[in-house]
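Residue-level structure breakdown
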Amino acid sequence: MRTVGLLGAIDLPGTVTAASVARACMRELLTAAGHQGVDEVELLVSELVTNAVRHTDSGRTACGVVRLVARDTGHAVRVEVIDQGSTGAIPQIPAQVDPLSESGRGLWLVRELSSAWGWEQDTTGRTIWFEVTG
């Protein structure tokens, strides 16, 4: 039986270890809730948390934080990665992506592997979310 509603939330330090902790957390939450497709969610979470640490104030300030929230909507798993924003450019998917590249393909993967995704920004930071059905 699957759990519907909030599966969990965690605040991670804006450091290079955040992505590996986020992957482990998602695997544990989704497995405990009886979800399939854990590998896809883990990959996408890793990409977005890495982006948050590399490209936002979450990774640039001494006390930076990345918040990870996972929900079961009843038809999909929805994951939100919330960072402290930046004064830089808004998230964009490059026109050309080398699928074998070790960087620069995070949002492309999110677009290709999720059933829906998007982002919002306000004065406190930026939220990038995705959903994976199944």
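Let me sum up the structure you'll find in this document.

How each quantity is defined
Residues numbered from 1 in each chain as written. Predicted model: local features only at pLDDT ≥ 70, side-chain atom pairs only at ≥ 80, totals over all residues. Heavy atoms only, no water. Core = buried A, V, L, I, M, F, W, Y, C linked by side-chain atoms within 4.5 Å. Buried < 20%, exposed > 50% of the residue type's maximum accessible area, 1.4 Å probe, protein only. Helix = DSSP H or I, 4+ residues; strand = E, 2+ residues; numbered from the N terminus. Contact = heavy atoms within 4.5 Å. Pairing = 2+ DSSP bridges. Axes fitted to C-alpha atoms, helices over the stretch in contact; angles between N-to-C directions. Parallel < 35°, antiparallel > 145°, perpendicular 65-115°, else oblique. Left-handed = near helix turned anticlockwise from the far one by under 90°. Nonpolar A, V, L, I, M, F, W, Y, C, P; charged D, E, K, R; others polar.

1. Considerations on the nonpolar core
Met26, Val41, Val45, Val49, Val79 and Phe130 are the most contacted members of the largest nonpolar core, which totals 29 residues. In terms of residue count, the dominant contributor to this core is helix H2 (residues 38-55) (8 residues). With residues near it in sequence (within four places) discarded, valine 41 still touches Met26, Leu30, Val79, Phe130 and Val132.

2. A word on the side chain of glutamate 42
With respect to the element layout, glutamate 42 can be found in helix H2. Contacts of glutamate 42, omitting those with residues within four sequence positions, involve Arg23 and Arg27.

3. Describing the sheet that holds strand E4 (residues 116-122)
Taken together, 5 strands build an open sheet; the order of strands is E1-E2-E3-E5-E4 and the sheet is antiparallel. The sheet terminates laterally at strand E1 (5-13) and E4, the two strands that pair on one side only. Across this sheet, the average inter-strand angle for adjacent strands is 15°, counted without regard to direction. Sheet topology note: the E1/strand E2 (residues 65-72) ladder contains 8 bridges and is antiparallel. Following the sheet pairing, leucine 12 is matched in E2 by valine 66. Against the sheet, H2 makes contact with E2, strand E3 (76-83) and strand E5 (125-133), and its axis sits at roughly 170° relative to E5, the strand it touches most.

4. Overview of the packing of helix H1 (residues 18-32) against H2
Relative orientation of the contacting elements H1 and H2 amounts to 150°, with a least axis distance of 8 Å. In terms of orientation, H1 and H2 fall into the roughly antiparallel class. Both H1 and H2 take part in a crossing whose hand is right-handed. The segment H1 lies against H2, with Ala18, Ala19, Ala22, Arg23, Met26, Arg27, Leu30 and Thr31 engaging Val38, Asp39, Val41, Glu42, Val45, Ser46, Val49, Thr50 and Val53. Along the lines of polarity and charge, the residues of the contact of H1 with H2 split into 10 nonpolar, 3 polar and 4 charged.

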